[in-house]
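As a plain string of letters, each chain reads:
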Amino acid sequence: KRINTQLLYFIPRDNIVQHAECKRKTVLEFAPETQQADEYRTLAEKIEKNQNFSIPDPLSWDELEMLMEKY
């Protein structure tokens, strides 16, 4: 809320990402049938369907440091 933006989707990270990187491919190229590939497809769909546009308000360095310490 503070920065006037939203989280569209959370992507869990799977080891398949590193395997694809080692082959210099995206997960969708390397392992299109995996759950991780499905996560990226879902993100793309969320981005495409998003209608809640905003310009984020930047945090000051002090605010950013406080958030980093908290989380």
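Definitions and limits used
- Residues numbered from 1 in each chain as written.
- Predicted model: local features only at pLDDT ≥ 70, side-chain atom pairs only at ≥ 80, totals over all residues.
- Heavy atoms only, no water.
- Core = buried A, V, L, I, M, F, W, Y, C linked by side-chain atoms within 4.5 Å.
- Buried < 20%, exposed > 50% of the residue type's maximum accessible area, 1.4 Å probe, protein only.
- Helix = DSSP H or I, 4+ residues; strand = E, 2+ residues; numbered from the N terminus.
- Contact = heavy atoms within 4.5 Å.
- Expected span 1.5 Å × (residues − 1).
- Arc of directions from axis to C-beta.
- Polar contact = N/O pair within 3.5 Å; in protein donor to acceptor, adjacent residues only side chain to side chain.

1. Quick look at the nonpolar core
One finds I16, V17, A20, V27, A31 and A37 forming the largest nonpolar core, which totals 6 residues. With 3 residues, the top contributor of residues to this core is helix α1 (residues 16–22). Beyond its immediate stretch of four places on either side in the chain, I16 contacts V27, F30, A31, T34 and Q36.

2. Things to note about helix α3 (residues 35–49)
Residues that lie three or four places apart on an α-helix share one face, since the helix turns once every 3.6 residues. Taking 1.5 Å per residue, 15 residues should reach 21 Å; α3 reaches 21 Å between its end C-alpha atoms and fits that length. Those residues of α3 lying buried are Q36, A37 and E39. Take α3 and look down its axis: the buried residues cluster within an arc of 155°, on one side only. What points out from α3, more than 90 degrees from its buried face, is the exposed set Q35, E48 and K49. Buried positions along α3 lie against α1 and α2 (27–30).

3. Examining the environment of Q6
When you line up the elements, Q6 lands in the segment before α1. With 28 residues separating them in the primary sequence, Q6 and T34 have C-alpha atoms 27 Å apart. If we ignore the near neighbours within four places in the chain, the residues touching Q6 are N50 and N52. There is a polar contact of 3.0 Å between the side chain of Q6 and the side chain of N50. A distance of 3.1 Å separates a polar side-chain atom of Q6 from the backbone oxygen of N52.

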